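Structure assessment
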Amino acid sequence: MNLKKYINTFGWPRIIIGLFLISMYVACPFIGLNLGAALSDTLVRFGMNVVLVLSLVPMIQAGTGLNFGMPLGVEAGLLGAVISIELGLVGMKGFLVAIVVGAFFGVIFGWLYGIILNKVKGGEMMIATYIGFSSVALMCIMWLILPFKSPDMIWAYGGEGLRTTVSVENYWHGALEKALHLEGLKLPIGEILIFTIIALFIWIFFQTKSGLAMKAVGTNEKFSKATGINIDKERIKSVIFSSVLAAVGIIIYEQSFGFVQLYLAPFYMAFPAIAAILIGGASVNRATIVNVIIGTFLFQGILTMTPSVVNAIIKTDMSETIRIIVSNGMILYALTRKGEL
């Protein structure tokens, strides 16, 4: 009975995905793959993406829904990154300046985004998708006309407009590992450490009066209104919170990846993050840090392992197919269970 209760609580989809991932790790030695390298690659991808997934928690807790408008926060982080590079800042200083500037724009973008979502209560996720996509289209224009002059970023033949991909190799690539003197270690200790700090801050925040008010709005809006909580204000705060975390998350991703990707790159960034948190057990109105950790590891593990294992067995790359199935399948699964969780 206890086992059945645990299975029902954890969820069959997560169990199946977890068993599938474990089976790929088990198969590594038998098909000529290095198990240690496979686990290391999974952890690296986990460290790169986990803060982006974590950024979904405030909006979900406040009842504002899954943040399909995450590209707006990502664009704020990209602005912080290119401004840091334009200033010629390197190492941890450049990384921190990118985060501060990105968070500043995240507050502004999130405030405007929150005002719009308050006007469309009940249809937040659909409108958020349009906001995310339109923000990417608008920034495609801005990347061409903003007055950046750094030769490492602008198009060489025109002398203006930012390139599609900007390298941070000479600026703050691997800044977290270098600051901890862990350059030779193939584990994302720096990324996991900063995630732990941010996650701890979020956990503490939701124990405070302000955090409990935000959570109450997501749990029972009528009760919250009766107790004197300003619902619109709390919703805007959650959107700002999520947008700032998305800005920070993309900068952490970039310092690990080594490149800033502009123009259409942020277009679909919300979908893998949303799929990951849903795989971890979150719903459209409830999410925890544990959901973030489990979901990100499962999702990134599958994306990391599938190409190598499938290529070794049948000589065919199915990674994109698996990514599409997992992302859209888990989003569909969670949305159809909206009333159950």
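This structure is a prediction, so every number in the text was calculated from the model and none was measured. (Residues numbered from 1 in each chain as written. Predicted model: local features only at pLDDT ≥ 70, side-chain atom pairs only at ≥ 80, totals over all residues. Heavy atoms only, no water.)

A few points about the overall build of the protein chain
A count of helical and extended segments in the protein chain gives 15 helices and two strands. Across the 341 residues in the protein chain, those meeting the buried criterion constitute 51%. A fraction of 77% describes how many contacts in the protein chain between residues 6 or more apart in sequence connect residues 24 or more apart. Summed over its atoms, the accessible surface of the protein chain is roughly 15,900 Å², and 69% of this surface lies on carbon and sulfur atoms. (Helix = DSSP H or I, 4+ residues; strand = E, 2+ residues; numbered from the N terminus. Buried < 20%, exposed > 50% of the residue type's maximum accessible area, 1.4 Å probe, protein only. Contact = heavy atoms within 4.5 Å. Areas by Shrake-Rupley, 256 points an atom, 1.4 Å probe, with all protein chains shown as cover.)

Structural notes on a nonpolar patch on the surface
Taken together, the side chains of Leu 180, Leu 187, Ile 189, Leu 193 and Ile 197 make up a nonpolar region of the molecular surface, amounting to roughly 380 Å² of accessible area. Topologically, Leu 180 is positioned in the loop between helix H8 (175–179) and helix H9 (189–205). (Patch = residues over 30% accessible without salt bridge, like charges linked within 9 Å, V, L, I, M, F, W, Y side chains within 5 Å. Salt bridge = Lys/Arg side-chain N within 4 Å of Asp/Glu carboxyl O.)

So, the packing of helix H3 (residues 35–54) against helix H12 (residues 231–257)
As a packed pair, H3 and H12 sit with axes 7 Å apart at the nearest point and diverge in direction by 165 degrees. Viewed along their axes, H3 and H12 adopt a mutual orientation that is roughly antiparallel. With respect to the hand of their crossing, H3 and H12 are arranged in left-handed fashion. Taking contact as the criterion, the partners of Val 44, Gly 47, Met 48, Asn 49, Val 51, Leu 52 and Leu 54 in H3 are, on H12, Leu 245, Ala 246, Gly 249, Ile 250, Ile 252, Tyr 253, Ser 256 and Phe 257. (Axes fitted to C-alpha atoms, helices over the stretch in contact; angles between N-to-C directions. Parallel < 35°, antiparallel > 145°, perpendicular 65-115°, else oblique. Left-handed = near helix turned anticlockwise from the far one by under 90°.)

Focus on the environment of Ser 242
Take Ser 242: it is sitting in helix H12. Owing to a relative accessible area of 0%, Ser 242 belongs among the buried residues under this scheme. It is 6.3 Å that separates the C-alpha atoms of Ser 242 and Met 59, two residues lying 183 residues apart in sequence.

Concerning H9
Its 17 residues place the ends of H9 24 Å apart at the C-alpha level, agreeing with the 24 Å of an ideal helix rising 1.5 Å per residue. Residues Gly 190, Glu 191, Ile 194, Phe 195, Ile 198, Ala 199, Ile 202 and Phe 205 constitute the buried set of H9. Projection of H9 onto a plane perpendicular to its axis shows the buried side chains occupying an angular sector of 160 degrees, all on one side. More than 90 degrees from the buried face of H9, the exposed residues found are Ile 197 and Trp 203. (Expected span 1.5 Å × (residues − 1). Arc of directions from axis to C-beta.)

Some remarks on helix H13 (residues 270–279)
Because an α-helix packs 3.6 residues into every turn, residues spaced three or four apart end up facing the same way. With eight of 10 residues buried, H13 is to be regarded as a mostly interior element. Looking at H13, one finds that the buried residues are Ala 270, Ala 273, Ile 274, Ala 275, Ala 276, Ile 277, Leu 278 and Ile 279. Residue Gly 281 follows H13 closely and has a positive phi angle near 110 degrees.

Examining the packing of aromatic side chains
All told, the structure shown has 14 aromatic pairs when counted by the stated rule. For the ring pair Phe 46 and Phe 195, a centre distance of 6.3 Å and an interplane angle of 80 degrees mean the geometry is edge-to-face. Of the two residues, Phe 46 sits in helix H3 while Phe 195 sits in helix H9, which places them 149 residues apart along the sequence. The two residues Phe 46 and Phe 195 agree in class, both being buried. Aromatic side chains Tyr 253 and Phe 257 sit 5.6 Å apart centroid to centroid with 40 degrees between the ring planes, which places their arrangement in the tilted category. (Phe/Tyr/Trp six-rings, centres within 6.5 Å; stacked < 30°, edge-to-face > 60°.)

Focus on the nonpolar core
Core analysis: the largest hydrophobic core is formed by 96 residues, its most contacted members being Trp 172, Val 260 and Ile 277. Ranked by residues supplied to this core, first place goes to H12 with 13 residues. Leave out the neighbours within four places in its chain, and Ile 277 touches Val 53, Leu 56, Val 57, Ile 60, Ala 282, Ala 287, Asn 291 and Val 292. (Core = buried A, V, L, I, M, F, W, Y, C linked by side-chain atoms within 4.5 Å.)

With respect to the pattern of salt bridges
This structure, assessed with the given rule, holds two salt bridges. In this structure, the salt-bridge partner of Lys 121 is Asp 232, at a minimum N-O distance of 2.6 Å. One end of the pair, Lys 121, is in the loop between helix H6 (91–119) and helix H7 (124–145); the other, Asp 232, is in helix H12, and 111 residues separate them in sequence. The class for Lys 121 is partly exposed, based on a relative accessible area of 40%. Put simply, Glu 234 and Lys 237 hold a salt bridge, and the shortest N to O gap is 3.4 Å. Note that Glu 234 and Lys 237 are positioned in helix H12 at a spacing of three residues, about one turn of the helix. For Glu 234, a relative accessible area of 7% corresponds to the buried category. On the basis of relative accessibility, which here comes to 27%, the residue Lys 237 falls in the partly exposed class.

Re the packing of H9 against H12
Between H9 and H12, the least distance of the axes is 11 Å, while the angle of their chain directions is 170 degrees. As far as their axial angle goes, H12 and H9 are roughly antiparallel. Every residue of H12 that contacts H9 at Glu 191, Ile 194, Ile 198, Phe 201, Ile 202 and Phe 205 is listed here: Phe 241, Leu 245, Val 248, Ile 252, Gln 255 and Ser 256. For the contact of H9 with H12, a count of residues per class yields nine nonpolar, two polar and one charged. (Nonpolar A, V, L, I, M, F, W, Y, C, P; charged D, E, K, R; others polar.)

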